[in-house]
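A look at the structure
Below, each chain spelled out in residue letters.
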Amino acid sequence: MGEKVLMRGNEALCESAIIAGCRFYFGYPITPQNEVPAYMARRLPEVNGCFLQAESELSAINMVWGASVAGKRVMTSSSSPGISLMQEGISYLAGAELPAVIVNIMRGGPGLGSIGPSQSDYFQATRGGGHGDYRTIVLAPQSVQEIADIMIDAFDLADIYRNPVVVLGDGVIGQMTEPLVLPKPSTRTLPRNDWVLDGASGRDARVVMSLRLSPPGALETHNLHLKEKFCEMERNEVRYEEYELSDAQLVIVAFGTAARVARTCMQKARGLGMKVGLLRPVTLWPFCADALGALAEQRRVKAFLTVEMNLGQMLEDVRLAVLGRKDIFFYGRTGGSVPDEDELFGKITEVFS
Amino acid sequence: MKAVYERPRTLRDTPMHYCPGCGHSIIHKLLSQSIDELGIRERTIVVAPVGCSVLIYNYLDCDGSEAAHGRAQAVATGLKRARPECVVVSYQGDGDLAAIGTAETIHAANRGEKFSVIFVNNAIYGMTGGQMAPTTLAGQPTKTTPFGRDPKEIGPPLRMCELLSGLEAPAYIERVSVHDVKNVLRTKKAIKKALKNQIEGAGYSFVEVLSMCPTNWGMTTRQASSWIEENMIPYYPLGVYKDRGKERNAK
Ligand SMILES: Cc1ncc(C[n+]2csc(CCOP(=O)(O)OP(=O)(O)O)c2C)c(N)n1
Ligand code: SF4
């Protein structure tokens, strides 16, 4: 076990990215993730890396493409409005099968919204976000330790599947300071980089593109190949955590900061004899639909309660997994507000009565 | 028998999709010749735009990367910083570079990114069928300016060399043309110089090439050449707008 250090979420994710071998960062300032570019600007030069403040998120994501196509580990970070601007680029990365890690420290929307923490980019993140038929793995940490650990995983997953990976935190995770043990570098064997552009010296020239015009049907063939990767992600990369589910009659489903609040309420309810459990998706895509489906099959499980910092987005995935077998309730706060413990506890008692 | 003309090594022996009389094919050839002469094919990476030349990577026998419409210089920035040992060329049309990608262009130039830009100004959007470009001349009819471009309504055409030469960081900015043999030779020199600058680490080099689009201008090849001579060059004067190497030598 390494030594405990005290860090802010936004800074821990940076140090962990550097441990993961990330040496390139391109981004544009936006609250509540400004500590990320500030940390990288100071830290990357120390490890012979490159930090560059781009003229926009549009440019940042395309600079990410440039370093990625060169075969380097690269990341960007932003918050909701900036991530919207990056969507074209993320779609291109997915189409061209380029790895990259994109951190979204979500704030309230729509529009300029607020700088308060939010989870309202769930739809955008889990449905691809940009145009076209694609998905990205979406990892949702709930603590400073977890965001650090997730960064190591995120870079590996991006390389393994040659696909962008989204780390979806909210303003609370980014801003809070907690003790953590910095993760170790990964020891996973990664696929060969036989697509990287470094000059056609002693080999045939390579091209990296998303455009597929010919022969007829080329794009369909390519998209079916992408689909195979997405199916493989669904088979291999679903991550979630269970709390007190073995006897639960009410299953709360929540991720990130909402899951922390939910856990506190769950414990309080259990103290009063209510059999509440919590299922916390860590990957929002691929989603833990099978685990939820299995719970929906159990007779003792009476209902589900989805808790989110939005108006009910993951709720749709919970519905798809539960398929009408049990009642599903929802409690959410929107516009940069965090779920209130008393309100949520009230909701739990209401469901039980 | 001695060959009078040979296809450059870097230019693939494959039919191009360009219209007859299109400037892109000439510029591809000049770029290929320059790459050959400098012996850099094995370390050159060309960044393709979205526009008629989107498939340039199929014609040049060197590594190639796509870029989203307008983002070529952001891609080139990431690439060159990640692979400083490579020669990175951003090849772009006027819609790509001077409309949707204006911010990327100005900021890459202003940072003095150490790559080379070839800017093909044909005063129109070729790929999408002849709409107005930022460089469309005053009075020039296009699909979206059916009565001719009215500068009072949509502003005069953008002069990128003039605009960029106001910046401190770029090393070299020149405007050339491919409408006749004499100018084709000058274009070749300019492209080669832009690459050589990069090899020597001189910094941002920008070559604007006035180029024919007979198809969307609704002209024959010959008319298109004369149109450049008579209409484009008076508004887009040819010549060197900035050359830091020269400035240094002169001091
Ligand atoms: C985001 C986006 N908007 C619009 C287009 C459509 N589009 C493709 S090429 C092009 C203009 C190309 O013109 P130019 O850059 O002048 O190059 P040319 O074809 O004349 O060589 C446009 C508008 C696109 N591909 N992507
Ligand atoms: S449309 Fe114009 S720019 Fe495009 S290939 Fe034809 S002549 Fe060239």
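Residues numbered from 1 in each chain as written. Chains lettered and ligands numbered in written order. Predicted model: local features only at pLDDT ≥ 70, side-chain atom pairs only at ≥ 80, totals over all residues. Heavy atoms only, no water.

Some details on the overall build of chain B
- When its secondary structure is counted, chain B shows 11 helices and seven strands.
- A compact globule built from 251 residues would reach a C-alpha radius of gyration of about 18 Å, and chain B, at 17 Å, matches this within 12%.
- Nonlocal contacts in chain B, meaning residues at least 24 apart in sequence, comprise 69% of its contacts between residues at least 6 apart.
- Side chains of chain B carry 31 positive and 25 negative charges; the gap between the two charge centres is 4 Å. (Helix = DSSP H or I, 4+ residues; strand = E, 2+ residues; numbered from the N terminus. Rg over C-alpha atoms; globule rule 2.2 N^0.38 Å. Contact = heavy atoms within 4.5 Å. Lys, Arg positive; Asp, Glu negative; His and termini not counted. Charge placed at Lys NZ, Arg CZ, Asp CG, Glu CD.)

A closer look at the overall build of chain A
- Along chain A, the regular secondary structure elements total 12 helices and 15 strands.
- For 353 residues, the compact-globule estimate of 2.2 N^0.38 gives 20 Å, and the C-alpha radius of gyration of chain A, at 21 Å, lies within 12% of that figure.
- In terms of overall dimensions, chain A has a C-alpha envelope of 70 × 50 × 40 Å along the principal axes.
- Residue burial in chain A is summarised as follows: out of 353 residues, 58% are buried.
- Put simply, of all contacts in chain A between residues at least 6 apart along the chain, 79% involve residues at least 24 apart.
- With the model as given, the accessible surface of chain A reaches about 13,800 Å², and the carbon-plus-sulfur share is 50%.
- Charge centroids of chain A, computed over 35 positive and 41 negative side chains, lie 3 Å from each other. (Buried < 20%, exposed > 50% of the residue type's maximum accessible area, 1.4 Å probe, protein only. Areas by Shrake-Rupley, 256 points an atom, 1.4 Å probe, with all protein chains shown as cover.)

Let's talk about the pattern of salt bridges
- Under the defined criterion, the tally for this structure stands at 37 salt bridges over all chains.
- Close ionic contact of Arg111 of chain B with Glu55 of chain A constitutes a salt bridge, the shortest N to O distance being 2.8 Å. Remark: Glu55 of chain A occurs in the loop between strand 3 (50–53) and helix 3 (57–69) and Arg111 of chain B occurs in helix 5 (residues 102–111); the pair is interchain, linking two chains.
- We note a salt bridge from Asp63 of chain B to Arg203 of chain A, for which the minimum N-O separation is 2.6 Å. Here Arg203 of chain A lies in the loop between strand 8 (177–181) and strand 9 (207–208) and Asp63 of chain B lies in strand 2 (residues 63–65), a pairing that spans two chains.
- Salt bridges sharing common partners tie together Arg73, Asp153, Asp156, Asp159, Arg188, Glu237 and Arg239 of chain A. (Salt bridge = Lys/Arg side-chain N within 4 Å of Asp/Glu carboxyl O.)

Regarding the layout of surface pockets
Residue and element names in this part refer to chain B.
- Considered as a void within the structure, the largest pocket measures approximately 400 Å³ in volume.
- What lines the largest pocket is a set of 18 residues, among which Tyr172, Glu174, Lys189, Lys193 and Asp243 lie closest to the centre.
- With seven residues, the top contributor of residues to the lining of the largest pocket is helix 8 (residues 181–199).
- Here the residues of the lining of the largest pocket sort into five nonpolar, two polar and 11 charged. (1 Å grid on protein atoms, 1.4 Å probe; cavity = no way out; pocket = protein on both sides within 12 Å on 5 of 7 lines; lining within 4 Å. Points joined across faces, edges and corners; volume = space filled by probe spheres on them. Nonpolar A, V, L, I, M, F, W, Y, C, P; charged D, E, K, R; others polar.)

Re the sheet that holds strand 6 (residues 137–139) of chain A
Residues and elements named next belong to chain A.
- The seven strands lie next to each other as 3-2-4-5-7-6-13, forming an open sheet whose pairing is mixed. For this open sheet the edge positions go to strand 3 and strand 13 (283–285), each flanked by a neighbour on one side alone. Within the sheet, the average angular offset between the axes of one strand and its neighbour, ignoring direction, is 20°.
- In the packing of helix 4 (residues 80–96) onto the sheet, the strands contacted are strand 4 (74–78), strand 5 (100–106) and strand 7 (164–170), and the crossing angle to strand 5 comes to about 160°. (Pairing = 2+ DSSP bridges. Axes fitted to C-alpha atoms, helices over the stretch in contact; angles between N-to-C directions.)

Re the nonpolar core
- Formed by 121 residues in total, the largest nonpolar core has its most connected members in Phe26 and Met75 of chain A together with Phe206 of chain B.
- Split by domain, this core shows at least three residues from each of two domains, domain 1 (4–187 + 223–236) and domain 2 (240–352) of chain A.
- Those residues in contact with Phe26 of chain A that lie beyond four places of it in its chain are Cys50, Leu52, Ala60, Met63, Val64, Ala67, Val74, Met75, Thr76 and Ser77 of chain A together with Gly78 of chain B.
- By size, the runner-up hydrophobic cluster in this structure holds 46 residues, among which are Val54, Leu55, Cys62 and Met212 of chain B. (Core = buried A, V, L, I, M, F, W, Y, C linked by side-chain atoms within 4.5 Å. Domains from an automatic or database assignment.)

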